[in-house]
Every structure is written in C-alpha cells, then in structure tokens.
Amino acid sequence: MTDVNKVVLAYSGGLDTSVILKWLQDTYNCEIVTFTADLGQGEEVEPARAKAEALGVKEIYIDDLREEFVRDFVFPMFRANTIYEGEYLLGTSIARPLIAKRLVEIANETGADAISHGATGKGNDQVRFELGAYALKPGVKVIAPWREWDLLSREKLLAYAEKHNIPIERHGKKSPYSMDANLLHISYEGGVLEDTWSEHEEDMWRWSVAPENAPDTPTYLELTYRKGDIVAIDGKEMTPAQVLTYLNKVGGDNGIGRVDIVENRYVGMKARGCYETPGGTIMLKGHRAMESITLDREVMHLKDELMPKYASLIYNGYWWSPERHMLQQMIDASQANVNGVVRLKLYKGNIMVVGRKSDDSLFDAAVATFEDDAGAYDQQDAEGFIKLNALRLRIAASKGRSLL
Ligand SMILES: Nc1ncnc2c1ncn2[C@@H]1O[C@H](COP(=O)(O)OP(=O)(O)OP(=O)(O)O)[C@@H](O)[C@H]1O
Ligand SMILES: NC(=O)NCCC[C@H](N)C(=O)O
Ligand SMILES: N[C@@H](CC(=O)O)C(=O)O
C-alpha cells in the first residue's frame with residue numbers, strides 16, 4: 001500500500017464518495033481534504049460541507065466552477081464541432097480535466113501528496129482523472145478505492161455506510177441509474193440500460209420533454225458568435241455559463257438533445273449510455289452554420305478530418321497532453337473570422353438553420369448566383385478544370401483499366 005500523508009478527495013457528496021472518505025481515513029490513516037465542484041449539475045453543493053465536517057474533515061473546498069467549465073473547456077471543445085462516435089457530445093469527458101486540475105491545485109495549496117476519486121476501475125473516468133493529475137503534478141500519488149477495496153456490491157457499500165453512521169439518503173429524486181450531470185449534459189448508465197434491446201424509460205430524462213410533447217409552435221433563436229464562441233442570444237450579451245444555461249432551457253422545452261447509444265470505452269468494453277445535451281446540441285448546429293459562411297473550404301475540411309482524433313483525445317482522457325494542446329492552438333486560430341449571427345428554428349426535437357450572416361462572410365452572391373453574374377465567374381474556365389482533373393481517369397481507361 002502507498003504511504004500517504006494527506007489526500008485531496010474529489011467529493012461529490014453522495015453515498016459512494018462519503019464511504020470513500022471514511023475508508024481512506026481508516027485504511028490510510030491520513031488527513032483528508034475534500035473538494036466539491038459546482039459544475040451546474042443542478043444539485044446543491046453546500047450540503048457536502050456539513051457531511052465532510054461530520055466525518056472530521058478540516059479542509060473543505062467547495063468551488064463554483066461553472067464559468068470556468070464553460071469558458072475554458074466546453075467552448076474550446078465546441079470550436080472543433082467535437083462529437084465522439086457520431087453521437088456523444090462528451091459532456092462527462094470534458095468535465096473531468098477540470099476536476100483533475102482543481103485536485104492538483106488544491107493538493108499544491110494544502111501540501112497534500114495524493115489525490116483520490118470515486119470512479120470505478122471499469123470506466124473512462126479513472127483514466128481521465130489520473131492522466132490529468134500525472135500530467136499536472138508528476139509525483140502525485142493516486143488512490144482509487146474502487147480498485148482496492150472489497151466493497152464491490154451495493155449491499156456491502158450500504159452495510160459499511162450503516163456501520164460508520166454515514167447518511168445514505170441522497171437529495172433529490174432517487175435514480176436507478178448511474179448518472180453524471182453538469183452544465184453540458186446529464187448521462188445515464190446502468191440499470192435497465194444494460195440490456196441493449198430495452199428501450200430507455202421516458203421518466204429517466206430530467207431536462208427535456210419528449211419531442212412528441214414539445215410545443216406545436218416553433219421557437220426561433222438568434223445566436224451571435226465572436227471568434228467561434230456564442231456571446232449573445234437574441235441580441236442579449238451573456239457569459240459562457242449563462243449561454244449554456246439558457247440554451248439548455250429552450251432546448252429542453254423543445255425536446256432537443258436526447259441520444260441513446262452504445263459506445264466504446266477506452267478500457268475496451270462497450271457500454272450503453274443515454275445522454276441529454278439540449279444546449280450543446282444547439283451549439284453544435286449553430287457553430288457549423290456560422291463556420292459554413294466564414295471558414296475557407298480547406299480549413300473547414302482539415303478541421304473535420306482532425307475532429308475525430310481530437311474527440312478521441314478528450315474521450316480517452318488526454319485533455320492535458322501536448323497533442324491536444326497543439327490541436328487546440330490550430331483550432332483556435334481557425335476561429336479568427338467565425339463571427340456573425342445564426343438564426344435557428346427549434347421544433348419538436350429538431351433544429352433547422354434558417355439564416356446566417358456575417359461581416360466576415362466568404363459567401364459571394366455575385367459568384368454563386370443562378371442569374372446573370374455580370375462576369376464575376378467565367379463558366380468556360382470549368383471546362384479545363386474538369387478536363388485536367390479527368391486526365392488520370394482517361395489515361396487509365398484508355399489503357400484498359402476498366403472500372404465496370
Ligand atoms: N461535482 C463533483 N465534485 C467533485 N468530484 C466529483 C464531482 N462529480 C464527480 N466527482 C468525482 O468523480 C467520481 C465519479 O463520478 P460519478 O458520477 O461516477 O460519482 P458517484 O459514483 O456518483 O459518486 P457519489 O455517489 O458520491 O455521488 C466521483 O466519485 C468523484 O470522485
Ligand atoms: N455514470 C457516469 O458517471 N457516467 C459518466 C460517463 C459518461 C460517458 N460514458 C463517458 O465516458 O464520458
Ligand atoms: N463514471 C463511471 C463511468 C466511466 O468512468 O466510464 C465509472 O466510474 O465507472
């Protein structure tokens with residue numbers, strides 16, 4: 001067993017991390033610092049203070065990280081139109097690097113030599129927390145209780161909690177799912193979802209109405225972009241966290257952003273997950289529309305080619321890596337002219353782009369028109385363009401390389 005003096009625990013305040021807190025004290029006989037983040041999960045974080053105090057913790061950090069989360073993690077990720085395996089908007093994946101960063105900062109402030117978290121040994125989150133911690137504090141020790149203890153069933157965990165007077169009630173509605181929530185999404189895993197054929201239950205979803213129950217009249221939105229980020233909605237300036245909060249509300253009301261997928265975890269297994277990402281789904285659609293008139297074609301296509309790689313880096317836990325940093329600089333540089341306004345129509349789970357405008361637009365109506373273009377584009381140029389592009393095809397065909 002590793003020798004540790006002081007551990008910073010990522011303490012969400014629920015049953016699992018409360019058991020972990022006690023288990024760390026007993027097993028490692030060390031001081032514990034707790035860290036609880038408000039990432040917009042919609043549950044009060046303050047109750048974590050009293051719970052930690054009741055377990056004898058002296059150093060308690062409760063941080064409101066909502067603005068930092070959206071400004072420095074969510075927005076940069078959306079500049080790349082990031083999506084994992086075609087469906088997942090990485091709501092949990094993008095929050096873990098921020099938790100890792102704060103764990104390390106708090107360890108430095110309090111003189112702790114170790115960090116701990118409650119992610120299991122079967123998932124992605126352990127990888128994300130630990131790669132981040134090692135990248136930012138190379139000598140840090142890591143304690144992952146799920147990989148060490150024998151409390152592997154719910155019954156054992158509850159028995160341990162009861163024996164040590166750890167309150168087992170959770171605030172809010174009890175969920176049969178393993179969930180993670182923040183301003184970008186809610187994820188649901190486990191329970192009935194472990195049968196890939198069983199349909200998710202309607203009452204599982206917490207933020208959105210079913211598309212069929214959404215209003216019969218559409219909702220229009222105007223998103224103003226500056227350097228690839230939304231800075232105003234319907235002309236009203238907003239901070240990054242305000243933007244996402246607002247879009248979650250209107251998106252949820254219109255039945256937008258539900259997905260039910262089976263994804264490939266980094267550790268090798270496939271896992272079923274349902275995700276509710278109303279604001280993020282709107283942001284992705286809006287951003288692509290803004291780029292469609294402001295980005296050069298080859299820049300756009302290169303971004304699209306690199307995006308799956310960038311998404312995998314984030315999914316697999318490599319936010320704090322030199323390769324993600326390098327890609328981010330390129331992505332950010334591409335956004336210099338991604339300015340303007342996009343107009344969207346939300347209707348029963350759908351998002352339609354109905355307008356886009358920009359002072360930096362590359363769309364040239366004089367060139368694109370089906371009407372007389374007054375010499376803006378010489379149609380005869382196209383003949384040589386096509387012939388030279390066809391040259392190798394014609395040579396191959398003339399030498400008998402039939403494609404039929
Ligand atoms: N808001 C948060 N603040 C600090 N740490 C967090 C937060 N959310 C999650 N974590 C860390 O990530 C781990 C994995 O998250 P997950 O959502 O699986 O936790 P959990 O099993 O729900 O824990 P609990 O039952 O205590 O809520 C948690 O055990 C905790 O260490
Ligand atoms: N139950 C959870 O804690 N889910 C978080 C993981 C969500 C998603 N499968 C991910 O790996 O990012
Ligand atoms: N948070 C979940 C899922 C994951 O990490 O992929 C776990 O700890 O297992």
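Values in this document were obtained by computation on a predicted structure and should not be read as measured data.

Scoring rules and cut-offs
Residue indices follow the written sequence of each chain, beginning from 1 at its first position. The lettering of chains begins at A and the numbering of ligands begins at 1, in the order of writing. With the structure being a predicted model, the display of local features is reserved for residues of pLDDT at least 70 and the display and counting of side-chain atom pairs for 80 or more, all residues being used for whole-chain, interface and lining totals. Calculated side-chain values reflect all of the structure's heavy atoms, with hydrogen atoms and water omitted. UniProt positions are given in the numbering used here, feature names are shortened, and annotations may be inferred rather than shown by experiment. Helix and strand assignments follow DSSP, with helices taken as H or I runs no shorter than four residues and strands as E runs no shorter than two, numbered in order from the N terminus. At least two bridges found by DSSP between two strands are what make those strands a pair. For every element, the axis is a line fit to its C-alpha atoms; helices are fit only across the contacting stretch, and the angle between N-to-C directions ranges from 0 to 180 degrees. Throughout, a contact is declared for two residues whenever any of their heavy atoms are within 4.5 Å. Side-chain atoms alone can form a polar contact between residues adjacent in sequence; in general such a contact is a pair of N or O atoms within 3.5 Å, and within protein one must be able to donate a hydrogen while the other accepts it. Under the scheme applied here, a residue whose accessible area is under 20% of the maximum for its type counts as buried, over 50% as exposed, and between as partly exposed, the area being computed with a 1.4 Å probe on protein chains only. We call a residue near a molecule or strand when any one of its heavy atoms sits within 4 Å of it. Surface exposure here means Shrake-Rupley accessible area, sampled with a 1.4 Å probe, where a residue is shielded only by the protein chains that are shown. The nonpolar class holds Ala, Val, Leu, Ile, Met, Phe, Trp, Tyr, Cys and Pro. Asp, Glu, Lys and Arg form the charged class, and all remaining residues, Gly among them, are polar.

**Some thoughts on the UniProt feature "domain: Arginosuccinate synthase C-terminal" (unreviewed entry) in the protein chain**
Logical step 1: Within this structure's numbering, the places UniProt gives as "domain: Arginosuccinate synthase C-terminal" (unreviewed entry) are residues 177-395.
Logical step 2: For residues 177-395, the helix share is 37%, the strand share is 24%, and the end-to-end C-alpha distance is 61 Å.

**Let's talk about the sheet that holds strand 12 (residues 270-276)**
Neighbouring strands of a sheet are bound in pairs by backbone hydrogen bonds; such pairs are parallel or else antiparallel.
Logical step 1: Pairing in this open sheet of 4 strands is antiparallel, and the strands run 6-7-12-11 from one edge to the other. The open sheet has two edge strands with one neighbour each: strand 6 (178-181) and strand 11 (258-264). If you compare each strand with its neighbour and ignore which way they point, the axes differ by 25 degrees on average.
Logical step 2: In this sheet, strand 7 (residues 186-189) lies alongside strand 6 in antiparallel orientation, the contact comprising 4 bridges. Bridging from a neighbouring strand, alanine 181 pairs with isoleucine 186 of strand 7.

**Section: the UniProt feature "binding site: L-citrulline" (unreviewed entry) in the protein chain**
Logical step 1: Mapped onto this numbering, the UniProt entry gives "binding site: L-citrulline" (unreviewed entry) at Tyr88, Ser93, Asn124, Arg128, Ser178, Ser187, Glu263 and Tyr275.
Logical step 2: Topologically, serine 93 is positioned in the loop between helix 3 (66-78) and helix 4 (96-110).
Logical step 3: Ignoring sequence-local partners within four residues, the contact set of serine 93 consists of Tyr88, Arg128, Ile314 and Tyr315.
Logical step 4: Polar side-chain contacts of serine 93 include one of 3.5 Å to the side chain of tyrosine 88.
Logical step 5: Structurally, asparagine 124 can be placed in the loop between strand 4 (114-116) and helix 5 (125-136).
Logical step 6: According to the relative accessible area criterion, asparagine 124 is buried, its value standing at 7%.
Logical step 7: The contact partners of asparagine 124, leaving out residues within four places of it in the chain, are Glu263, Arg265, Tyr266, Val267 and Tyr315.

**Re unusual backbone geometry**
Logical step 1: Positive phi outside glycine occurs at asparagine 29, with the angle close to 50 degrees.
Logical step 2: Its location among the elements puts asparagine 29 in the loop between helix 1 (15-28) and strand 2 (31-38).
Logical step 3: Even without being glycine, alanine 374 reaches a positive phi, approximately 50 degrees.
Logical step 4: Along the chain, the position of alanine 374 falls in the loop between helix 11 (365-368) and helix 12 (381-398).
Logical step 5: Its relative accessible area of 73% is what places alanine 374 among the exposed residues.

**Brief notes about the site of ligand 1**
Logical step 1: With respect to spatial proximity, 20 residues lie near ligand 1, and among them Ala10, Ser12, Thr17, Ala37 and Gly118 are the closest.
Logical step 2: Glycine 14 places a polar main-chain atom, nitrogen or oxygen, 3.2 Å from an oxygen atom of ligand 1.
Logical step 3: Contact distances for ligand 1 include 3.2 Å between an oxygen atom and a side-chain N or O atom of aspartate 16.
Logical step 4: Protein burial of ligand 1: of its 610 Å² of free accessible surface, 87% is covered by the chains.
Logical step 5: Secondary-structure elements contributing two or more residues to the shell around ligand 1 are helix 1, strand 2, helix 4 and strand 6.
Logical step 6: Each residue belonging to the shell around ligand 1 can be placed in one class, and the counts come to 9 nonpolar, 7 polar and 4 charged.

**Quick notes on the sheet that holds strand 14 (residues 350-357)**
Logical step 1: An order of 10-9-8-13-14 is seen for the 5 strands of this open sheet, with the pairing classed as antiparallel. Two strands close off the open sheet at either side, each with one partner strand: strand 10 (236-237) and strand 14.
Logical step 2: Strand direction decides the pairing type here: strand 13 (residues 340-347) and strand 14, joined by 7 bridges, are antiparallel. Its bridge partner lying in strand 14, valine 342 is registered against arginine 356.
Logical step 3: Seen against the sheet, helix 8 (residues 278-294) touches strand 8 (219-226), strand 9 (229-233), strand 13 and strand 14 and runs at an angle of roughly 30 degrees to strand 14.

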